[in-house]
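# Summary of structural features
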Amino acid sequence: MKSLKSLFLSALFVATGLSVSAQNVEEILKNHREVMGFENWAMVQTIILEGKTMAGSFEIPYKTTIYGNNLRNEITMGPMSLVQITDGTKGWMNNPQSSEIVELPFAAVQALQGRVDFGLDLLKIADLENLTLVGTQEMDGLTVYQLRYYTPSYPLTDFFVESESFVLLRKDITREWEGEKTITRTDYSDYKLVNGLLIAHSRNATVEGGANARRGGAGGQFGGGRGQGGGGGMANMITNMASRGGKDVITKLTFNEQLDASLFDKDKLK
């Protein structure tokens, strides 16, 4: 496995001709953005991605549609279908066991926004004064740069960028949850070029420490109980399973397709 990863990274390094001498945040970020296709990110207006989440013994197909801050997530599990939408501030979902439309708690809205994760987070950071170089370390036989981003309104996030290819291999997000520290770790692999952007088509998430991990990942804060607008019953089970730590594989990714605005209309949730 390691040899395959090394071959991929070496080929990418040769293809890009990037320098391996980067020693500061500006140089690392410049090389990373060049590899990932930063100039093409600004041209992305809409995103449609299809894939599947492997949560334990379950495989959950999904389709996520994004336009600006608007996001629609469709989850299918057997005969049950769950649709969630958010405008970036508020969110809603249908209850597949009734015709009820329920409002999502804010933690669920944040979790939905977090689904748009292709290994491109470093392309979106504008306030570089909050990004620091912690140092280098070995990870799976590879040397990586550890970059840290933190602001009072953003959780402490460590990015691990491979020192030759400059692709993102791992992201750790550290939060305090119910008085205990929780680390959500995402490992990225299977990078493919799509419309000039290098996209991770496979990611594996784990949650370490804290009460959140004992509940089985992000699910505890994602679905909400009956009193929090989660819908209860099957709706909560599908929502929670889809948001927990596990492997997520993108099977189809499309940029800049024209979208119907009604997709994001909570009054038309079905």
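Residues numbered from 1 in each chain as written. Predicted model: local features only at pLDDT ≥ 70, side-chain atom pairs only at ≥ 80, totals over all residues. Heavy atoms only, no water.

### Some points on the nonpolar core
Within soluble globular proteins, side chains that are nonpolar tend to cluster in buried spots. By size, the foremost hydrophobic cluster in this structure holds 51 residues, and its most contacted members are Ile-47, Phe-118 and Leu-253. With residues near it in sequence (within four places) discarded, Leu-253 still touches Ile-47, Ile-48, Leu-49, Phe-118, Val-194 and Ile-199. (Core = buried A, V, L, I, M, F, W, Y, C linked by side-chain atoms within 4.5 Å. Buried < 20%, exposed > 50% of the residue type's maximum accessible area, 1.4 Å probe, protein only. Contact = heavy atoms within 4.5 Å.)

### With respect to the confidence of the model for the chain
Chain-level statistics for the chain give a pLDDT mean of 80 and a share of 78% at 70 or above. Note that pLDDT drops below 50 for residues 13-21; the model gives that stretch 16 contacts with residues more than four away or on any other chain. (pLDDT = per-residue confidence, 0-100.)

### So, the environment of Val-44
As for its placement among the helices and strands, Val-44 is situated in the loop between helix H3 (38-41) and strand E1 (46-55). Judged by relative accessible area, which is 18%, Val-44 ranks as buried. Note: C-alpha distance between Val-44 and Glu-257 (213 residues apart in sequence) is 9.8 Å. (Helix = DSSP H or I, 4+ residues; strand = E, 2+ residues; numbered from the N terminus.)

### Some remarks on the packing of aromatic side chains
Applying the stated rule across the entire model yields two aromatic pairs. Look at Tyr-149 and Tyr-154: their rings are 5.1 Å apart centre to centre, the planes differ by 75°, and that puts the pair in the edge-to-face class. What makes Tyr-149 buried here is its relative accessible area of 8%. Taking the ring centre of Phe-38 as reference, the NZ or CZ of Arg-33 above it sits at 4.4 Å. (Phe/Tyr/Trp six-rings, centres within 6.5 Å; stacked < 30°, edge-to-face > 60°. Lys NZ or Arg CZ within 6 Å of the ring centre and 35° of its normal.)

### Some details on the pairing of strand E4 (residues 80-86)
Of all seven residues in E4, six are buried, a share of seventy percent or more. Pairing analysis gives seven bridges linking strand E3 (residues 70-77) to E4, with the strands arranged antiparallel. When the sheet's bridge partners are listed, Arg-72 is paired in E4 with Ile-85. The antiparallel hairpin formed by E3 and E4 contains two residues in its connecting segment, where Gly-78 sits at a positive phi of about 65°. Hairpin connection of E4 to strand E5 (residues 91-94): four residues between the antiparallel strands, including Gly-88 at a positive phi of 95°. (Pairing = 2+ DSSP bridges.)

### Overview of helix H4 (residues 106-113)
Among the residues of H4, those classed as buried are Ala-108, Val-109 and Leu-112. When H4 is viewed along its axis, its buried side chains cluster within an angular range of 105° and face the same direction. (Arc of directions from axis to C-beta.)

### Quick word on the environment of Val-144
Here Val-144 lies in strand E8 (residues 142-151). Each C-alpha atom of the pair Val-144 and Leu-168 lies 9.0 Å from the other, and the pair is 24 residues apart in sequence. Setting aside residues up to four positions removed in sequence, Val-144 forms contacts with Gly-135, Thr-136, Gln-137, Met-139, Phe-160, Val-161, Glu-162, Ser-163 and Leu-169.

### Overview of the pattern of salt bridges
Within this structure, the stated rule accounts for ten salt bridges. Lys-192 is the partner of Asp-190 in a salt bridge, and the nearest nitrogen-oxygen pair spans 3.8 Å. The partly exposed category is assigned to Asp-190, whose relative accessible area is 40%. The partly exposed category is assigned to Lys-192, whose relative accessible area is 40%. By sharing partners, the salt bridges in this structure join Asp-121, Lys-124 and Lys-171 into a single network. (Salt bridge = Lys/Arg side-chain N within 4 Å of Asp/Glu carboxyl O.)

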